[in-house]
Amino acid sequence: MNYYSLNHKAPNSTFKNAVIKGIAPDKGLYFPESITPLPKTFFDNIDHLSHSEIAFEAIKQFVSPEIPEDILKTIVEETLSFDFPVVKLNDSISTLELFHGPTMAFKDVGARFMARCLGYFNQNNDREVTVLVATSGDTGGAVANGFLGVKGVNVVILYPSGKVSDIQEMQLTTLGQNIKALEVNGTFDDCQDMVKTAFLDEELTNNMQLTSANSINVARWLPQLFYFMFAYKQLHKEHKNIVFSVPSGNFGNVCAGMMAQKLGLPISHFVASNNANNVVTRYLISQLYEPKPSVQTISNAMDVGAPSNFIRIKEIYKNNFSSLKENLSSYSFSDEETKAAMLEIFDNYNYVADPHGAVGYLGCKAYLKENANTHCVFLETAHPTKFLDVVEAVIKEKQSLPEQIQSVMGKEKESVVISTYKDLKKYLLK
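Residues numbered from 1 in each chain as written. Predicted model: local features only at pLDDT ≥ 70, side-chain atom pairs only at ≥ 80, totals over all residues. Heavy atoms only, no water.

An unreviewed UniProt entry annotates the protein chain as Threonine synthase of Mariniflexile litorale. In its Cofactor (unreviewed entry) section, the UniProt entry covering the protein chain states "pyridoxal 5'-phosphate". Under the UniProt heading Catalytic activity (unreviewed entry), the note attached to the protein chain is "O-phospho-L-homoserine + H2O = L-threonine + phosphate". (UniProt positions renumbered as here; feature names shortened; annotations may be inferred.)

**Q** Just to check I follow, could you spell out the sheet that holds strand β14 (residues 416–418) for this structure?
**A** Within a sheet, each strand pairs with its neighbour through backbone hydrogen bonds, oriented either parallel or antiparallel. In space, the 5 strands of this open sheet follow the order β9-β6-β7-β8-β14, with parallel pairing throughout. What marks the edges here is a single partner per strand, and that holds for β9 (209–212) and β14. Taking each pair of neighbouring strands and ignoring which way they run, the sheet shows an average axis angle of 30 degrees. Judged from the 3 bridges that link them, strand β8 (residues 179–184) and β14 form a sheet pairing that is parallel. Bridging across to β14, L182 finds its partner in V416. Packed onto the sheet, helix α8 (residues 188–199) meets β6 (129–134), β7 (153–160), β8, β9 and β14 and runs at close to 150 degrees relative to β6. (Pairing = 2+ DSSP bridges. Helix = DSSP H or I, 4+ residues; strand = E, 2+ residues; numbered from the N terminus. Axes fitted to C-alpha atoms, helices over the stretch in contact; angles between N-to-C directions. Contact = heavy atoms within 4.5 Å.)

**Q** I would appreciate a short explanation of the pattern of salt bridges in the present structure.
**A** Side-chain pairs of opposite charge can arise whenever the charged atoms involved come near each other. On inspection of all chains with the given rule, the structure shows 13 salt bridges. A salt bridge links E169 to K413; its shortest N-O distance comes to 3.0 Å. Here the residue E169 occupies a position in helix α7 (residues 166–173), and K413 occupies one in the loop between α19 (403–406) and β14, the gap between them amounting to 244 residues. Of the charged contacts, one joins E203 and K425 as a salt bridge, the two residues approaching to 2.8 Å between their closest N and O atoms. Of the two residues, E203 sits in helix α9 (residues 202–205) while K425 sits in helix α20 (residues 421–429), which places them 222 residues apart along the sequence. By relative accessible area, which is 44% here, E203 ends up partly exposed. (Salt bridge = Lys/Arg side-chain N within 4 Å of Asp/Glu carboxyl O. Buried < 20%, exposed > 50% of the residue type's maximum accessible area, 1.4 Å probe, protein only.)

**Q** So what exactly am I meant to see when it comes to unusual backbone geometry here?
**A** With the exception of glycine, most residues fall at negative phi, and the peptide bonds are largely trans. Look at the link from S64 to P65: it is a cis peptide, with omega at 0 degrees. Inspection of the secondary structure assignment puts P65 in the loop between α3 (51–63) and α4 (69–79). For K396, which is not glycine, the phi dihedral falls at a positive 60 degrees. Relative to the helices and strands, K396 is located in the loop between α18 (388–395) and α19.

**Q** What is the right way to look at empty space enclosed by the protein in this model?
**A** With a probe scaled to a water molecule rolled over the atoms, the places where space remains empty come into view. The tally for this structure, following the rule as stated, stands at 1 cavity of 30 Å³ or more. In this structure, the largest cavity spans a volume of roughly 260 Å³. Forming the walls of the largest cavity are 26 residues, and the residues nearest its centre are F106, K107, G249, N250 and A301. Mapped onto the lining of the largest cavity, the elements with two or more residues apiece are α6 (138–147), β10 (242–247) and α12 (252–262). If you tally residues by element for the lining of the largest cavity, the top one is α12, at 3 residues. Residue classes in the lining of the largest cavity are distributed as 10 nonpolar, 13 polar and 3 charged. (1 Å grid on protein atoms, 1.4 Å probe; cavity = no way out; pocket = protein on both sides within 12 Å on 5 of 7 lines; lining within 4 Å. Points joined across faces, edges and corners; volume = space filled by probe spheres on them. Nonpolar A, V, L, I, M, F, W, Y, C, P; charged D, E, K, R; others polar.)

**Q** Quick question: what am I supposed to make of the sheet that holds strand β4 (residues 86–88) here?
**A** With mixed pairing, the 6 strands of this open sheet are ordered in space as β4-β5-β13-β10-β11-β12. Looking at which strands have only one partner, the edges of the open sheet turn out to be β4 and β12 (328–332). Recorded for the sheet is a direction-independent mean angle of 25 degrees between the axes of neighbouring strands. When β4 meets strand β5 (residues 93–97), the two strands line up antiparallel, connected through 3 bridges. In the strand pairing of β5, V87 is matched with T95. Along the sheet, α12 makes contact with β10, β11 (269–274), β12 and β13 (375–380), crossing β11 at roughly 175 degrees. Those strands touched by helix α13 (residues 279–286) are β11 and β12, and its axis lies near 120 degrees from that of β12.

**Q** Teacher, can you tell me more about the pairing of β10 here?
**A** Consecutive residues of a regular strand have side chains that alternate between opposite faces of the sheet. Of all 6 residues that make up β10, 6 are buried, and the element is covered over most of its length. Of the two faces of β10, the one lined by I242, F244 and V246 and the one lined by V243, S245 and P247 are each fully buried. Bridge analysis of β10 against β13 gives 4 bridges, and the strand direction is parallel. Bridge pairing in β13 places I242 opposite H375. Here β10 pairs with β11 via 5 bridges, running parallel. Note on β11: the bridge partner recorded for S245 is V271. Once the chain exits β10 it traverses α12 before rejoining the sheet at β11, and the crossover so formed is right-handed. (Right-handed = clockwise from strand over helix to strand, strands pointing away.)

Written out as structure tokens, the structure reads:
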């Protein structure tokens, strides 16, 4: 499979090069040259397939022939070493839990898959690779855990100071070894801009091999399509009209769901559920795409004012606004509405949702008002105890910490504070 830049001013790339480079020389995101739908029999027989078998068949066209099938099967099996259960709340709404991995966030899958791909590509390479990643919360911990101890790979994580939860911060600042954390005086958008600038800085790229582990990287982004297939397997016998409500920040997750749909997965519709950072909600009303500085909310992993992956979504629909709007709805919700939803979910269904999942739940309710004949699944993207102060304050009930969270409690934080791109460049060159 070859990949092309969405800025259309760079040579086409192999999967290996797209993974290692992260972003094209013309600043564009890479996108696969073709998407070949899986046969209908694949989805007819999905009940008889394991998660690893489903994922292997779904991803292999995007990585072949550069990763041999036997190696790919091992990568997939190691990536998917935990479960993805669907929990029914009522006849119209279910949640897909994506927090059963090592850092208890949906990004574990993409980070583990990419780490193993990069490890394979780098196994006979004496040159070290530096993975440079910006995080608004969960990406940092997932990438740190996925790449911890990977030979020949150094990881540098940029995160906005004071704008991630305490547990999220511990997950990315306490591991040591090949993981380094840079605490940025600014927002996630500032972190993301620094990362993108670094990739285009020839003084840096001539001295070191940089790649990204954000969802701009194809190996981080594409594996997220697995979730939607796993949910379909659990739901399709009971529900024929399935809609996914995806808490959306950088829009990699909902974009991956659309890729699953392009592969033939029978999904009726997508809902992009936004917090106050609602550039896409506004776009679908006005047809004007106007990124704005991000604002801080209790669903911090979605605090993105310029979602990188939206250009991929537009490419999937050939930049046809009408076609996109037929398949994507979007709603925006305040922190107060989010808190009310968390309490409603707890009181009505005895289920503890994190703030991001609660935004997804609100997206389900908004869509179902006008589309009652559907079953809406919201993605629960992180374990609620990662946002302990918010969750306990809302539901008024103490939460016990899972083993994955307990393992980072009490460890010493190690980070370097920076304010400007110049600070980042100096750190990397040093």
